[in-house]
2 protein chains.
Amino acid sequence: MEFSRRISSLRPSAIREILKAPSDPDTVSLAAGNPSPETFPAAEMALIAADIFQNNAPAALQYGVSEGYQPLRERTRKRLAEKHGLGNETDELIITSGGQQVAELAAKTLLNEGDTVICEDPSFIGALNAFRSYGVKLVGVPCNGSGMDIDQLENALKKHPEAKMIYTIPTFQNPSGEVMPLASRKRLLELAAKHDVTVLEDDPYRELRYSGETVPAIKTLDTEGRVIYAGSFSKIIAPGIRLGFALAPAPLIAKMTVGKQVSDVHSNLFFQILVEQFMARYDLEAHIARCRELYRARLGVMDAALKKHMPGAGWIVPEGGLFLWVKLPGGLDGTEFCRKAKEKKVMAVPGSAFLCDENGVSNAIRLNFSLPSPEQIEIGIARLGSVTLHPLASADTKEM
Amino acid sequence: MEFSRRISSLRPSAIREILKAPSDPDTVSLAAGNPSPETFPAAEMALIAADIFQNNAPAALQYGVSEGYQPLRERTRKRLAEKHGLGNETDELIITSGGQQVAELAAKTLLNEGDTVICEDPSFIGALNAFRSYGVKLVGVPCNGSGMDIDQLENALKKHPEAKMIYTIPTFQNPSGEVMPLASRKRLLELAAKHDVTVLEDDPYRELRYSGETVPAIKTLDTEGRVIYAGSFSKIIAPGIRLGFALAPAPLIAKMTVGKQVSDVHSNLFFQILVEQFMARYDLEAHIARCRELYRARLGVMDAALKKHMPGAGWIVPEGGLFLWVKLPGGLDGTEFCRKAKEKKVMAVPGSAFLCDENGVSNAIRLNFSLPSPEQIEIGIARLGSVTLHPLASADTKEM
């Protein structure tokens, strides 16, 4: 059986080996991208689920429409407009199977094999691989502490007139945690207009701001229907239900709906109804505020632990999101560091996992602070510190 | 915004107009492909859901693995082996977002733009469009009353040495309802081996046999790992939960897992657990037997109504599935017939909707007997009969 070119291009990387489930149950993982299950509103969801089974099972378990459950589409649009100033009368919204499917459907509907996408480098591996799976070339633009470097973006657009799309995570970028300032967002959109490329703005972390001032989404500046805005319920309700959305010009949403029809027909309808009812019956804003409290505290614990155990490393405390991006001292290689860390029963993701060039090297690592408990964060960072300071010492004598 | 070639090739057809929700609430739809909500085991599902929320919410609402919830994978494999003789030690199973996603992932992992897929003509539009969305060419082989005509398949394979895949629904084919006999299944597999093409066997209706003898799946004859077997929980549990599966050689499942990772990460985990628990705690076979009873009776009602109201039409009562394929008398055009039928408040799908050639014509229509009640079937067929016999008469005076 011969595989397609597109899927053959997605090679299993050495990093997968590092991230495989550890044999030692005592291992602390700082490698995930998961929200904390403590934030899942399970009790409220249970009540709503019982209600749906009681009163609406024939509809909730039946086939639905590809664009999504209409009341959820409307309620999501309304909230995006009122809370974030997002969307106008030329836009439509489609419910997707997680934010991941927005990247997939954007690629399916807009990109041909051999097309070029410009993205931050490093960036979210799931989206990069979605583009790769459509035979698309990636051109990376580094982050400069304030998200994508816009001067370098301009150069990349000049050098790659064939570019079709800019993929960006402007708010709490994954993995760097950086936020693109408003002026850069405006310039990015001007450049996109000048070079006639589409912008895919991936914004799963917007609600998770722990400090600083909100920066409007690029999509709010979009007057000519150039931006696809991708959002997700994974980080504010739960990821296992696989629900996200795209807000984009109506003609594109129509095409994405056709693409979704042939991909999975529609997303799980029961949970579309459940999420709509959660938003209708409970105070989503208060719920999100509680999520922020939890994560803000954990970020503080991780920052303090890093100061204590890895003072030679470099990091900037992000204003939001789920990740801390740490540059290792002394130019240590992130991949080698993470391999050794696993031996010391702590897992992190090497920076190279996020690069456009799959053979690239990075001296950074990505640490997640949302899933581990404060105690696990403290233990995990202490173990990481023992790798940094004494790379050849044994875990037993040096940890804690 | 310029769309990709692949998505531009999926044109909205005239048929969509016919199938749009009718303005008259009194309209009877025989156009669906939906199972009856009366078959959904909602009470049992409600109990299990309450249990999951109570005891397993942190895991059930969290991210899962792309290949699917391990206990569901194992239980599904075990049932396929014990009940249908499916799968051997070289096979693996992946949980998908409905049977639709199997076609999508098969295309993604095996087909390049410009490749050729051979399929029955007419066939399931959802799968055909999934292939089209990867820029694949379709070559249709007619059904001859016993599924795909194998002599014509042989000719097609000779004429198209570039063909990469055969897509077939050998059991209760959609839309024709035909069953491919065992001898033809063997020949199909021999031809696939001779021409080195992969076989995608789409088998969502296997459990819904109302008469006649079971015919083993093509996959049970597969000794060289050439067949992808696609199944679904949509017709035996519920479609709104979007769960299906593929059973295929392990290396291909590994590639499909990579493809699924970039498509939607994984399918709704809560309902994967729920379905596994349903199979563990309740008697799935007894549940399926009840589904069969319901559908067998409705098929009988439709057959009798057709004899009464459309005696000039031609149909063979299928041994299973959800559809009755009716050839109109006097060479009437199916599309025109369905348009008129809608005016008379009954909806059916014109045969042309299922053709490989999107501009093709067909004198057949597809009728669904699983969703409408016996009373609706009787009314719907009577209305259809009034179209056939008196195409220009008004609905008011002629129906019933």
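Definitions and limits used
- Residues numbered from 1 in each chain as written.
- Chains lettered and ligands numbered in written order.
- Predicted model: local features only at pLDDT ≥ 70, side-chain atom pairs only at ≥ 80, totals over all residues.
- Heavy atoms only, no water.
- Helix = DSSP H or I, 4+ residues; strand = E, 2+ residues; numbered from the N terminus.
- Rg over C-alpha atoms; globule rule 2.2 N^0.38 Å.
- Buried < 20%, exposed > 50% of the residue type's maximum accessible area, 1.4 Å probe, protein only.
- Contact = heavy atoms within 4.5 Å.
- Areas by Shrake-Rupley, 256 points an atom, 1.4 Å probe, with all protein chains shown as cover.
- Lys, Arg positive; Asp, Glu negative; His and termini not counted.
- Charge placed at Lys NZ, Arg CZ, Asp CG, Glu CD.
- Salt bridge = Lys/Arg side-chain N within 4 Å of Asp/Glu carboxyl O.
- Least-squares fit on C-alpha atoms with pLDDT ≥ 70 in both.
- Buried area = accessible area lost by both parts, 1.4 Å probe.
- Phe/Tyr/Trp six-rings, centres within 6.5 Å; stacked < 30°, edge-to-face > 60°.
- Axes fitted to C-alpha atoms, helices over the stretch in contact; angles between N-to-C directions.
- Parallel < 35°, antiparallel > 145°, perpendicular 65-115°, else oblique.
- Left-handed = near helix turned anticlockwise from the far one by under 90°.
- Nonpolar A, V, L, I, M, F, W, Y, C, P; charged D, E, K, R; others polar.
- Pairing = 2+ DSSP bridges.
- Polar contact = N/O pair within 3.5 Å; in protein donor to acceptor, adjacent residues only side chain to side chain.
- Core = buried A, V, L, I, M, F, W, Y, C linked by side-chain atoms within 4.5 Å.
- Expected span 1.5 Å × (residues − 1).
- Arc of directions from axis to C-beta.

**Q** It is not clear to me how the overall build of chain A should be interpreted in this structure. Could you clarify?
**A** What chain A contains, in helices and strands, is 15 helices and 12 strands. Relative to the compact-globule value of 21 Å for 400 residues, chain A shows a C-alpha radius of gyration of 21 Å, a close match. Taken along the three principal axes of its C-alpha coordinates, chain A extends 60 × 55 × 55 Å. The buried share among the 400 residues of chain A stands at 60%. For chain A, the proportion of contacts with a sequence separation of at least 24, taken over those separated by at least 6, is 76%. For chain A, the exposed surface amounts to about 14,500 Å²; the carbon and sulfur share of it is 52%. Within chain A, one finds 45 positive and 48 negative side-chain charges whose respective centroids are separated by 2 Å.

**Q** Which parts of the structure should I look at to understand the pattern of salt bridges?
**A** Between side chains of opposite charge, a pair can form when the charged atoms approach closely. Scanning all chains against the criterion turns up 54 salt bridges over all chains. Put simply, Arg383 of chain A and Asp26 of chain A hold a salt bridge, and the shortest N to O gap is 3.2 Å. On the criterion of sequence distance, the pair formed by Arg383 of chain A in helix H14 (residues 374-389) and Asp26 of chain A in the loop between helix H2 (14-19) and strand S1 (28-29) is long-range, its members being 357 residues apart. Put simply, Glu154 of chain B and Arg187 of chain B hold a salt bridge, and the shortest N to O gap is 3.2 Å. Placement of the pair is Glu154 of chain B in helix H8 (residues 150-159) and Arg187 of chain B in helix H9 (residues 182-194), with a sequence separation of 33 residues. Among the charged side chains, a salt-bridge network with shared partners connects Asp24, Asp26, Lys345 and Arg383 of chain A.

**Q** Whenever I open this one, the environment of Tyr282 of chain A confuses me. Can you help?
**A** Residues and elements named next belong to chain A. Here Tyr282 is to be found in the loop between helix H11 (269-281) and helix H12 (284-309). For Tyr282, a relative accessible area of 28% gives the class partly exposed. With 238 residues separating them in the primary sequence, Tyr282 and Glu44 have C-alpha atoms 8.2 Å apart. Each residue touching Tyr282, except ones within four places of it in the same chain, is listed here: Glu44, Leu47, Ile48 and Gln277.

**Q** Explain the relation of the copies chain A and chain B here, please?
**A** Between the two chain copies there is a screw-like relation: a rotation about an axis and a shift along it. After a rotation of 180 degrees and a shift along the axis of 0.0 Å, chain A superposes on chain B with an RMSD of 0.0 Å. The two molecules are tied by a two-fold rotation axis, judged by turn and shift. The share of interface residues of chain A whose copies in chain B are also at the interface is 100%, consistent with both copies meeting through the same surface.

**Q** Sorry if this is basic, but what is going on with the interface of chain A and chain B here?
**A** In many reports, interface size means the accessible area that the parts give up when they come together. Between chain A and chain B, the residue contacts involve 70 residues of the former and 70 residues of the latter. A combined buried area of about 5,600 Å² lies between chain A and chain B, and 61% of that area is made up of carbon and sulfur atoms. In this structure, the connection of chain A to chain B is made through two salt bridges. Linking Glu104 of chain B and Lys108 of chain A is a salt bridge whose minimum nitrogen-to-oxygen distance equals 3.0 Å. Secondary structure elements with two or more residues in the side of chain A that touches chain B: helix H1 (5-8), helix H3 (42-55), helix H4 (57-60), helix H6 (100-110), helix H7 (125-132), helix H10 (250-264) and H11 of chain A. Of all the elements, H10 of chain A adds the most residues to the side of chain A that touches chain B, at nine residues.

**Q** Would you mind showing me how to read the packing of aromatic side chains here?
**A** Both the distance between ring centres and the angle between the ring planes are used here to describe each pair of aromatic rings. All names here are of chain A. Scanning all chains against the criterion turns up 20 aromatic pairs over all chains. Ring centres 6.1 Å apart and planes at 85 degrees place the aromatic pair Tyr205 and Phe323 in the edge-to-face group. One end of the pair, Tyr205, is in the loop between strand S6 (198-202) and strand S7 (227-232); the other, Phe323, is in strand S9 (residues 323-327), and 118 residues separate them in sequence. Each ring, one from Phe270 and one from Phe271, has its centre 5.8 Å from the other, and the planes form 70 degrees; the classification is edge-to-face. A relative accessible area of 1% means that Phe270 is categorised as buried.

**Q** Honestly, the packing of helix H5 (residues 70-84) of chain B against helix H11 (residues 269-281) of chain B in this entry has me stumped. Any pointers?
**A** The geometry of a pair of packed helices is captured by two quantities: the angle between their axes and the separation between those axes. All names here are of chain B. Running from N to C, H5 and H11 cross one another at 45 degrees; their axes reach a closest spacing of 9 Å. Put simply, H5 runs oblique to H11. As for how H5 packs across H11, the hand of that crossing is left-handed. Every residue of H11 that contacts H5 at Pro71, Leu72, Arg75, Thr76 and Arg79 is listed here: Gln272, Val275, Glu276, Met279 and Ala280. A class-by-class count of the residues in the contact of H5 with H11 yields five nonpolar, two polar and three charged.

**Q** Is there a simple way to explain the environment of Glu336 of chain B in this structure?
**A** Assignment of secondary structure puts Glu336 of chain B in helix H13 (residues 334-343). C-alpha of Glu336 of chain B to C-alpha of Thr109 of chain B: the two residues are 227 residues apart in sequence and 39 Å apart in space.

**Q** Can you help me understand the sheet that holds strand S3 (residues 116-121) of chain B in this one?
**A** Sheet strands pair via backbone hydrogen bonds, and the direction of the pair is either parallel or antiparallel. Residues and elements named next belong to chain B. Taken in spatial order, the seven strands line up as S2-S8-S7-S6-S5-S3-S4 in an open sheet, and their pairing is mixed. The sheet is open, and its two borders are formed by strand S2 (91-96) and strand S4 (137-142), each paired with just one other strand. Pairs of neighbouring strands in the sheet enclose a mean axial angle of 20 degrees, with direction left out of account. Pairing of S3 with S4 involves six bridges; the strand directions are parallel. Residue pairing in the sheet places Val117 in a bridge with Leu138 of S4. Along the sheet face, helix H10 (residues 250-264) touches S2, strand S7 (227-232) and strand S8 (244-249) and points at about 20 degrees away from the line of S2.

**Q** What should I look at first to understand the side chain of Ser263 of chain A in this one?
**A** Relative to the helices and strands, Ser263 of chain A is located in helix H10. Within polar-contact distance, the side chain of Ser263 of chain A engages the backbone oxygen of Gly259 of chain A at 2.9 Å. In this structure, Ser263 of chain A is in contact with Gln101, Glu104, Leu105 and Lys108 of chain A together with Gln100, Gln101 and Glu104 of chain B, ignoring residues within four places of it in sequence.

**Q** Even after reading the chapter, I still don't get the pairing of S8 of chain B, so can you show me in this structure?
**A** Looking down a regular strand, the side chains alternate between one sheet face and the other. All names here are of chain B. Counting buried positions over the six residues of S8 gives six, a clear majority of the element. The pairing of S2 with S8 spans six bridges and is antiparallel. Paired with Glu92 across the strands is Ala248, a residue of S8.

**Q** I tried to follow the nonpolar core on my own but got confused; where do I start?
**A** Across soluble globular proteins, you tend to see nonpolar side chains buried next to one another. Phe131, Leu367 and Leu384 of chain A together with Phe131, Leu367 and Leu384 of chain B are the most contacted members of the largest nonpolar core, which totals 134 residues. Residues in contact with Leu384 of chain A, not counting those within four places in the same chain, are Leu30, Met310, Phe337, Ala341, Val346, Ile365 and Leu367 of chain A. Counting residues in hydrophobic clusters, the runner-up holds 70 residues, among them Ala49, Leu93, Phe271 and Leu284 of chain B.

**Q** Please clarify how the sheet that holds strand S9 (residues 323-327) of chain B should be interpreted in this entry.
**A** Residues and elements named next belong to chain B. Taken in spatial order, the three strands make up an open sheet running S9-S12-S11, and their pairing is antiparallel. Strands with a single pairing partner mark the edges of an open sheet, and in this sheet they are S9 and strand S11 (349-350). Lying on the sheet, helix H12 (residues 284-309) is in contact with S9 and strand S12 (364-368); it crosses S9 at an angle near 15 degrees.

**Q** Would you explain H3 of chain A in this entry?
**A** Along an α-helix, residues three or four positions apart point the same way, because every turn accommodates 3.6 residues. Between its first and last C-alpha, H3 of chain A extends 20 Å over 14 residues, near the 20 Å set by a 1.5 Å rise per residue. Ala42, Met45, Ile48, Ala49, Ile52 and Phe53 of chain A are the residues of H3 of chain A that are buried. All buried residues of H3 of chain A fall inside an arc of 140 degrees around its axis, so they share one side. In H3 of chain A, the exposed positions angled more than 90 degrees off the buried face are occupied by Ala43, Leu47, Gln54 and Asn55 of chain A. Tucked into the core, H3 of chain A has its buried residues touching H4 and H11 of chain A together with helix H3 (42-55), helix H4 (57-60) and H11 of chain B.

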